[in-house]
Amino acid sequence: MLLGLTHLLSFGDVSAGLGIGIGGGLGAVGAGVGIGYIFGKVIEAVTRQPEMRDDITSIQWLGFALTEACFFYGLVAGLLSWVLK
Amino acid sequence: MTSTAATPDPGAKTNTKKLLWILAGIWIGGMIILILIFGFGHQNHEFQIQNEFKLINWVHLGVFSINRAVVYLFISTILTVGTMLWIAGRMHQRPNKVQTAVEILYSLMRDNITRGNMEDRMAARWFPFMGALFLFIWFNNIIGYLPLPTNSEQTVNIFGAHIPSFALYAATANISVPLVLAIVVFVIFNWVGISTHGPIGYLKSLIPAGVHGAILLLIFPLEIISTFMRLLSLTIRLFANILAGHMIILFMTGGLAVLLGLSFLGWFTIPFAVLLYIFELGLIATLQAFIFATLAAIYISGAATHH
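Reading guide: rules and limits
- Residues numbered from 1 in each chain as written.
- Chains lettered and ligands numbered in written order.
- Predicted model: local features only at pLDDT ≥ 70, side-chain atom pairs only at ≥ 80, totals over all residues.
- Helix = DSSP H or I, 4+ residues; strand = E, 2+ residues; numbered from the N terminus.
- Buried ≥ 20, exposed ≤ 12 C-beta atoms within 10 Å, placed from the backbone.
- Pairing = 2+ DSSP bridges.
- Contact = placed C-beta atoms within 7 Å.
- Nonpolar A, V, L, I, M, F, W, Y, C, P; charged D, E, K, R; others polar.
- Axes fitted to C-alpha atoms, helices over the stretch in contact; angles between N-to-C directions.
- Parallel < 35°, antiparallel > 145°, perpendicular 65-115°, else oblique.
- Expected span 1.5 Å × (residues − 1).
- Bend = angle between axes of the 7 residues up to and from the residue.
- Core = buried A, V, L, I, M, F, W, Y, C linked by C-beta atoms within 7 Å.
- pLDDT = per-residue confidence, 0-100.

Draft legend 1. How the structure looks around the environment of B:V70. Mapping B:V70 onto the fold places it in helix α2 (residues 68-88). According to the C-beta neighbour criterion, B:V70 is partly exposed, with 17 such atoms within 10 Å.

See below:
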């Protein structure tokens, strides 16, 4: 069944699709943990000091984009493995 | 005086519920109808996702050939320069909606991006650059979500004229545009650093305070590499965000169904495609432009500070 799944995804041989899958999947794990942590901290901070909400929000977006970029590094690495085979 | 009810109109709630149930019914019903009509197809090898991002030269001028990315760059340049000049010539005391939007953008560029990361004297010098960088990237990202007839590979035959079919494409989805912008920022912040500290002083300022002796041999190359990583990360962050957004919209609006040959899958993924389109257009386009400009401001001000 695993071979059938990889046959569905293959753009050539198995390793190409596997490369994208591993790159994207592992990247998403780290980014998910990081983004969840950031927003959790923002919720805590806004609960403690509601008047600081606007200042914290701009730092929140900065942190979110920097963390999400790490997922894209993983995805690009996977795409590179597909291009280079 | 009887107080008018503060509770929301209960008729409106059941209307929304009914609408959602009808939409869900159309979604599932359409899938079942498609399964019954078309069944399960086979994998399609002719559809290549790279062709959606291919650049075909329309006017051949060698390196300066005009293809759809170049047209998009021209459009965004005209938009950047044109909208700001046009609004600046038509300012009122009591702003209308467009002027309010532009004022919000201006305050975002000046207060958040420039003055939030640089001290005041530097901010006044570098604000035009930061503003132009932010607006250029923002317009490039936004018009990438507007379908324009640029796909000259699959043309539509209308009365004999081959009109290119509509396609979604952003100039920043090609790696060259973010790469060039990142190289500009890289050259600028290194130049600012060297002109403030001198060449040897700039290299010395890369080393964190309190590091002496043999461990310098380890720290110094790492710092050099991390400076180059800034160039790479600026490029890839912008490029991969926009490219992945476009690719996932393409897959969700039928690419996946064509690739796997399952027509009901196209119907199934339509709500996700709509949600992703709204998410990308509303959040990611603006956020990526803001992040690029903010990081450029942080790097430039970091290179100019005296320790």
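Draft legend 2. Quick look at the pairing of strand β2 (residues 161-167) of chain B. Residues and elements named next belong to chain B. The buried fraction of β2 amounts to zero of the seven residues, a small share that puts the element mostly on the outside. Pairing of strand β1 (residues 148-158) with β2, which is carried by seven bridges, proceeds in the antiparallel orientation. Bridge pairing links N151 to S165 in β2. Between β1 and β2, which follow one another and run antiparallel, lie two residues, and F159 among them has a positive phi close to 50°.

Draft legend 3. Quick peek at the interface of chain A and chain B. Contacts between chain A and chain B engage nine residues on the former and eleven residues on the latter. For the side of chain A that touches chain B, the residue count by class is eight nonpolar, one polar and no charged.

Draft legend 4. Local environment of the packing of helix α3 (residues 53-84) of chain A against helix α9 (residues 270-304) of chain B. Contact pair α3(A) / α9(B): the axes reach a minimum separation of 10 Å and the direction vectors enclose 95°. Comparing the axis directions of α3(A) and α9(B) gives the class roughly perpendicular. Along its contact with α3(A), which presents A:W61, A:L62 and A:A65, the element α9(B) presents B:L287, B:Q288, B:I291 and B:T294. Split by residue class, the contact of α3(A) with α9(B) holds five nonpolar, two polar and no charged.

Draft legend 5. Spatial organisation of α9(B). Between its first and last C-alpha, α9(B) extends 50 Å over 35 residues, near the 51 Å set by a 1.5 Å rise per residue. A bend of about 35° at B:E280 is the largest found in α9(B).

Draft legend 6. The nonpolar core, seen in detail. Among the nonpolar cores identified, the biggest contains 50 residues, and B:M130, B:L133, B:F134, B:F292, B:A293 and B:A296 are the most heavily contacted of them. Elements supplying a minimum of two residues to this core: α3 of chain A together with α2, α3 (97-114), α4 (120-143), α5 (176-197), α7 (216-260) and α9 of chain B. Among the elements that line this core, the one with the most residues is α9(B), at twelve residues.

Draft legend 7. Main features of the confidence of the model for chain A. Taken over all residues, the pLDDT of chain A has a mean of 85, while the share at 70 or more is 85%. The secondary-structure element of chain A with the lowest mean pLDDT is helix α1 (residues 2-9) of chain A, recorded at 58, while helix α2 (residues 14-48) of chain A shows the highest, at 91.

Draft legend 8. Local environment of the environment of B:E52. Residues and elements named next belong to chain B. As for its position among the elements, E52 is in the loop between α1 (10-38) and α2. Overall, the presence of 17 C-beta atoms within 10 Å leaves E52 in the partly exposed class. Considering only alpha carbons, one finds E52 and E153, 101 residues apart in sequence, at a separation of 9.3 Å.

Draft legend 9. Region of interest: the environment of B:L265. All names here are of chain B. With respect to the helices and strands, the residue L265 is situated in helix α8 (residues 263-268). Since 20 C-beta atoms lie within 10 Å of it, L265 is described here as buried. Along the primary structure L265 and P147 are separated by 118 residues, whereas in three dimensions their C-alpha atoms are 23 Å apart. Look past the residues within four positions of L265 in its chain and what remains in contact with it is L256, A257 and L260.

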